[in-house]
Amino acid sequence: MTDERDYTRLPDLINGCQRLISGLKADGDEPRMYELMLGALQTQPDLVLPLFIGSIELARQNLGQNRRSGSSATLFYPVDAAIRVTAKQKNLLPGRDPLSSGNWTEDDFIRVLALSNDEITKAAGNLTTCKNLPQRAAQMMWLIDQTAKIPVDEKLAFIEIGASKGLILDALKKPLSFINWMGQIDSRPTAKYGEKIINNENPTIGVDLAIPGDDWALAMLLNDKSRSEVAQFMDKFPNRSTVVKGNALDFPKLPEIKNFMTVNSASVPFIISCCMLYQLSETNRKEVVETSRDFLKENGGGYLLTTDIAKYVGYPDKAGGAVSWIENENGETVSPKIFCQGDNLCKWEIIKEGK
């Protein structure tokens, strides 16, 4: 166990930040803030190291998360978001938008950390990674279209675990409005999607460990284009889906979930988890899936759609993307498995097993 990463140690933090930068570059995403973070770790460790250690401990105490040796994204993303959101809320970059990495210099980065270390530590430790892009609902709708067991106009009740602000749920709630909005932006798939549920208005509810504010949700998006589109979506769809605070491992026990299922007993429960399970340990990932299957069985059957980082679900050769599919309450795959790419996962292709 001596070689296990430990993000309370400076060398492991530096290595983790370097890996994250390489991954972002490979994915075509914006690494600027992490390059500044790496420079600060290397030149100002006494300023930066306590921030990471403090946020790791707060996340352990308040969220039950192990960020000390977990996914680097689970640790670094909230620290970055906390820096940018704090700078915006305290107006530490006058005349510039702190949510845009292009507006930061090395001096700005160090100055903001020095002025607001405690606020940044608290925000990073009490909030989570939540890259919640509503456009990701498109691939989900396409998978529903491809699932023979789901008839046209099926009444579905969507429950998202790890829902953040509930933007994906907002898209699934009003498919026609979402599809029309998607047709007006650049980041859209070429395939048709949503044909089975386009006429529906679906009930939705989400669960998350920590429900973020608007600034936090937008700060999680590393490039300006994605942030602009999501901000536009939030304006176009101002009535957020209900998201309740809770742990994914225990979501069926939440009174709000029980009430949701009572009110929507005529609908088929449809659980979604989008790029959340990779943040958990392997044991907890399996437990969440089993808990979801048991919940579906107890409610007469239904569906579980998971979208997760490819390497964590048996596709280590498919770097820079996620794999998505639908299964039933028995764990049987009932849709194609697709490999999704791009920041908003709007480019996908069917995975042909064995190739």
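Residues numbered from 1 in each chain as written. Predicted model: local features only at pLDDT ≥ 70, side-chain atom pairs only at ≥ 80, totals over all residues. Heavy atoms only, no water.

A look at the overall build of the chain
Next up, step 1: Check the secondary structure of the chain and you find twelve helices and eight strands.
Next up, step 2: Within the chain, the fraction of its 355 residues that count as buried is 57%.
Next up, step 3: Of note, the chain has its 41 positive side-chain charges centred 2 Å away from the centre of its 46 negative side-chain charges. (Helix = DSSP H or I, 4+ residues; strand = E, 2+ residues; numbered from the N terminus. Buried < 20%, exposed > 50% of the residue type's maximum accessible area, 1.4 Å probe, protein only. Lys, Arg positive; Asp, Glu negative; His and termini not counted. Charge placed at Lys NZ, Arg CZ, Asp CG, Glu CD.)

Notes on the pairing of strand β8 (residues 347–350)
Next up, step 1: Summarising the sheet, strand β7 (residues 338–341) and β8 pair through four bridges and their orientation is antiparallel. Within β8, the residue paired with Ile338 across the bridge is Ile350.
Next up, step 2: With antiparallel pairing between neighbouring strands as the criterion, β7 and β8 make up a hairpin whose turn holds five residues, including Gly342 at a positive phi of roughly 90°. (Pairing = 2+ DSSP bridges.)

A short note on helix α12 (residues 282–298)
Next up, step 1: With 17 residues, α12 should reach 24 Å at 1.5 Å per residue; the first-to-last C-alpha distance of 25 Å fits that figure.
Next up, step 2: Those residues of α12 lying buried are Arg285, Val288, Val289, Thr291, Ser292, Arg293, Phe295 and Leu296.
Next up, step 3: If you follow the buried residues of α12, they end up packed against β1 (156–161), α11 (255–263), β4 (268–274), β5 (303–309) and β6 (321–328).
Next up, step 4: Just past α12, the residue Gly300 takes up positive phi, approximately 85°. (Expected span 1.5 Å × (residues − 1). Contact = heavy atoms within 4.5 Å.)

Digging into the sheet that holds β5
Next up, step 1: Spatially, the eight strands line up as an open sheet ordered β3-β2-β1-β4-β5-β6-β7-β8, and their pairing is mixed. In the strand order of this sheet, the two ends are held by β3 (243–245) and β8, each with one partner. Direction aside, neighbouring strands of the sheet carry axes that sit 20° apart on average.
Next up, step 2: With three bridges connecting them, strand β2 (residues 204–208) and β3 associate as parallel partners. Residue pairing in the sheet places Val207 in a bridge with Val244 of β3.
Next up, step 3: Sitting on the sheet, helix α6 (residues 137–146) is in contact with β1, β4, β5, β6, β7 and β8, with an inclination near 40° to β6. (Axes fitted to C-alpha atoms, helices over the stretch in contact; angles between N-to-C directions.)

Section: the pairing of β4
Next up, step 1: Burial runs high along β4: six of the seven residues are buried.
Next up, step 2: Both β4 and β5 contribute to a ladder of five bridges, which runs parallel. Bridged to Cys274 within β5 is Thr307.
Next up, step 3: After leaving β4, the chain enters α12 and then returns to the sheet as β5, a path that is right-handed. (Right-handed = clockwise from strand over helix to strand, strands pointing away.)

Thoughts on the side chain of Asp308
Next up, step 1: The residue Asp308 is located in strand β5 in this model.
Next up, step 2: One buried charged residue, Asp308, forms no salt bridge at all, with the nearest opposite charge on Arg285 at 4.9 Å.
Next up, step 3: Within polar-contact distance, the side chain of Asp308 engages the backbone nitrogen of Tyr278 at 3.2 Å.
Next up, step 4: Excluding its chain neighbours within four sequence positions, the residues that come into contact with Asp308 are Leu277, Tyr278, Arg285, Val313, Ala322 and Val323. (Salt bridge = Lys/Arg side-chain N within 4 Å of Asp/Glu carboxyl O. Polar contact = N/O pair within 3.5 Å; in protein donor to acceptor, adjacent residues only side chain to side chain.)

Describing the packing of helix α4 (residues 72–89) against helix α5 (residues 106–126)
Between two packed helices, the angle of one axis relative to the other and the distance separating the axes together describe the packing.
Next up, step 1: At a minimum axis separation of 8 Å, α4 and α5 run at an interaxial angle of 115°. For the element pair α4 / α5, the angle class is roughly perpendicular. In the packing of α4 onto α5, the handedness of the crossing is right-handed. Together, Pro78, Val79, Ala82, Ile83, Thr86 and Ala87 of α4 and Phe109, Val112, Leu113, Ser116, Glu119, Ile120, Ala123 and Ala124 of α5 make up the contact between the two elements.
Next up, step 2: Per-class residue counts for the contact of α4 with α5 are eleven nonpolar, two polar and one charged. (Parallel < 35°, antiparallel > 145°, perpendicular 65-115°, else oblique. Left-handed = near helix turned anticlockwise from the far one by under 90°. Nonpolar A, V, L, I, M, F, W, Y, C, P; charged D, E, K, R; others polar.)

Let's talk about the packing of aromatic side chains
Next up, step 1: Tallied over the entire structure, the rule returns 13 aromatic pairs.
Next up, step 2: Where Trp142 meets Trp348, the ring centres are 5.8 Å apart and the plane angle is 50°; that geometry is what we call tilted. Of the two residues, Trp142 sits in helix α6 while Trp348 sits in strand β8, which places them 206 residues apart along the sequence.
Next up, step 3: The exposure class of Trp348 is buried, given its relative accessible area of 16%.
Next up, step 4: The structure contains a cluster of three or more aromatic residues connected by ring pairs, namely Phe178, Trp181, Tyr193, Phe233 and Phe237.
Next up, step 5: A cation over an aromatic ring shows up here: Lys318 above the ring of Phe339, its NZ or CZ 5.2 Å from the ring centre.
Next up, step 6: Over the face of the ring belonging to Trp325 we find Lys337, whose NZ or CZ atom lies 4.3 Å from the ring centre. (Phe/Tyr/Trp six-rings, centres within 6.5 Å; stacked < 30°, edge-to-face > 60°. Lys NZ or Arg CZ within 6 Å of the ring centre and 35° of its normal.)

Some details on the pattern of salt bridges
Next up, step 1: This model, assessed by the stated rule, comprises 18 salt bridges.
Next up, step 2: When the shortest N-O distance is used, the salt bridge between Glu119 and Lys90 registers 2.8 Å. One end of the pair, Glu119, is in helix α5; the other, Lys90, is in the loop between α4 and α5, with 29 residues separating them in the sequence.
Next up, step 3: Glu119 gets classed as partly exposed once you look at its relative accessible area, which sits at 34%.
Next up, step 4: Through salt bridges with shared partners, one network takes in Arg96, Asp108 and Arg111.

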